[in-house]
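# A closer look at the structure
Spelled out from the first residue to the last, the chains are:
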Amino acid sequence: MIEKIVAPFYEGLEHHKILARKCKECGAIEFPPRYACNACGYHETEWVELSGKGKLTTMITPATLNSDPWNAKIGPYCYGIVELEEGVRINSTVFGVTKKKAKTLRNQLPLPVHAIFAERDGYTTLFFQIDEDVLA
Amino acid sequence: MVSGRVGKYQRSVSIIGVGMVPFCDMADHPEMEGLTEGEFFGTAALNAMADAGLEPRDVEFFYHGNANPKFHNDAATPNMQVAQWFGMGGKGSAHHSEACCTGYVALQEAVLDVASGAHDIVLSGCAELACGLPIKGKPAHIRKRLLLEDLIPDLEAIMDRAYTRALGGGHIGQDDWIDLYRTTYGLTDEQVDEVLNTMSYHGRRAAVLNPMAMHRTPFEELAKEAGYDDPMEYLRSPFNPKTTQYLRVTGNATNADGAACVIVCPTEMAHKFRKKPIEVLGIGSSSLELMVPHNEMEITKEAARQVYEVTGLTPDDIDLLFVNDFVLASQLCAAEEVGYLPRGEGWKWMLEGRCAFDGDRPINPHGGRTSYGHAFGVSGMADIYEAVLQLRGEAGAIQVKNHPKTAMLRGFGGGQNCCIPILKAVD
Ligand SMILES: [Zn+2]
């Protein structure tokens, strides 16, 4: 039996659960989930669930060359590095950043973020959003 | 990421011939329009053979690379389809494809082949007709123009399909490294803009003088047409708008049609041929997918570490640096990462023009991707072509002034792969 990873990950997102893999040797979290560990090069990992809480550490505002009209339908957004509290770091799309606010927010980095889930063409995807109390 | 290593070759390998088809948009050049992949690759291959003083019968094996043969060429086995154009029908060959890193992987393939002892004389080339698209059911000389709406969806192909595309993690690449640089060294947005515009300006000065480059109109001339006396003022103007947070139009590479080839053999045989041999001392390599933070920086650091380790060289030994800069900012960031410029100081060197082709610490004396053009899979091989001319002292009007003996190439591309060869002129 070949262990399924991608389908269970997206099934998790449907239920607003973020699944990752944890290295059985070094304990690093592999996210998005895959079979092996890319922190230490060990072959075996196991399922863990992430909280979806973390911080945004960089902020790139989209422009003509890298904007995504589908994102804009959800709301104003930026691209940036998200660091989750379990130690995961990924490039991601983060909502709650208007062009107007970007300059001020950029000087306040890192900013707390939480996971949001969006329905897209037959699957659920995962983005992040700046915590509301920061934007208030 | 997990680090790697590269060992010494079983035997030393040198470049003995190079050939090219200049980068251009064929549709703008009636004398080029209607040429096909076979004619492009064939011309570059035969030019490389002539450069070395070889006939096709002397070459034992060839590698063929391009970024995306199905999309640009509607071919699954492009090596079979071009072999007879340069008299190598029946010889062994293989195709490889690594998006914009293809041209550097092309050198690696040929070097590993000869280093292993499998063949003595190997040709490796790349051809890309990146300004157009094939038309199903018509012969290769009939093509249609590639539009941005054709290209943008296809560029997704460099992103992981299981996760990165769906999770929106692949769009940060153009700005990520220069943003980190700005934050780390406390530059203002205006300073970053001035640095990038200065790099554009000097790149174009070189391209104007380079017969292989695509954009050969000086910024002085374009500025005048737009009503500016000062080319720098033009580069800062709405005529050159921002396309990302940091990059203006002139900070992005333009698609080009082009081809380039190299021929390698064991260094011990290399003196028998026409030109000064250029030894390939080693090639470091590392790759990381687009969702991994600062992936370009991480793989550049790792590949550089490997090649310094295996060659025993240090950044002080490097006389000339090429950086695949389809994102212009990479030129500065990568030059500091490989130790060619002092950390945090490179931006000042750029502003002072020290990294121009006629400066004391030259980078991309051919003009760089944004002025030279970007024929995707060919760009790396074109960098190697230009580095070989510089190391031979044959680069003409763009010959750098410090008589370079050793050159490093920071090859990069394809979502993302990094290959860093060090080349050295053999006395
Ligand atoms: Zn591990």
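Residues numbered from 1 in each chain as written. Chains lettered and ligands numbered in written order. Predicted model: local features only at pLDDT ≥ 70, side-chain atom pairs only at ≥ 80, totals over all residues. Heavy atoms only, no water.

Residue and element names in this part refer to chain A. Split into domains, chain A comes out as domain 1 (7-50) and domain 2 (53-135). Counting each side, the surface lost to burial between domain 1 and domain 2 is near 940 Å², with a carbon and sulfur contribution of 79%. The largest per-residue losses of area from domain 1 upon contact with domain 2 belong to Leu-13, Phe-31 and Leu-50, which jointly make up 46% of the total buried on that side. Inspection of the domain 1/domain 2 interface yields zero salt bridges. Viewed at the interface, domain 2 and domain 1 are joined by zero residue pairs in polar contact (both at pLDDT 80 or more). Elements with a contribution of two residues or more to the side of domain 1 that touches domain 2: helix H1 (6-14) and strand S3 (45-50). (Domains from an automatic or database assignment. Buried area = accessible area lost by both parts, 1.4 Å probe. Salt bridge = Lys/Arg side-chain N within 4 Å of Asp/Glu carboxyl O. Polar contact = N/O pair within 3.5 Å; in protein donor to acceptor, adjacent residues only side chain to side chain. Helix = DSSP H or I, 4+ residues; strand = E, 2+ residues; numbered from the N terminus.)

So, on to the interface of chain B and chain A. In this complex, chain B contributes 28 residues to the contact, which on the side of chain A involves 36 residues. Here chain B packs against chain A, burying approximately 2600 Å² in sum over the two surfaces, 53% of which is carbon and sulfur. Joining chain B to chain A, the criterion identifies three salt bridges. Taking the shortest distance from any N to any O, the salt bridge between Arg-34 of chain A and Asp-160 of chain B comes out at 3.7 Å. Counting residues per element, the ones that place at least two in the side of chain B that touches chain A are helix H6 (164-167) and helix H7 (173-185) of chain B. When the residues that make up the side of chain B that touches chain A are grouped by side-chain class, the tally is twelve nonpolar, nine polar and seven charged. (Contact = heavy atoms within 4.5 Å. Nonpolar A, V, L, I, M, F, W, Y, C, P; charged D, E, K, R; others polar.)

Let us look at the sheet that holds strand S7 (residues 111-120) of chain A. All names here are of chain A. Judged by pairing direction, the barrel is mixed, and its five strands sit side by side in the order S4-S5-S6-S8-S7 before closing back on the first. Each adjacent strand pair in this sheet contributes to an overall mean axis angle of 55 degrees, direction not counted. Relative to strand S6 (residues 89-95), strand S5 (residues 77-84) is paired through seven bridges, and the arrangement is antiparallel. In the sheet register, Ile-81 faces S6, and the bridge partner there is Asn-91. (Pairing = 2+ DSSP bridges. Axes fitted to C-alpha atoms, helices over the stretch in contact; angles between N-to-C directions.)

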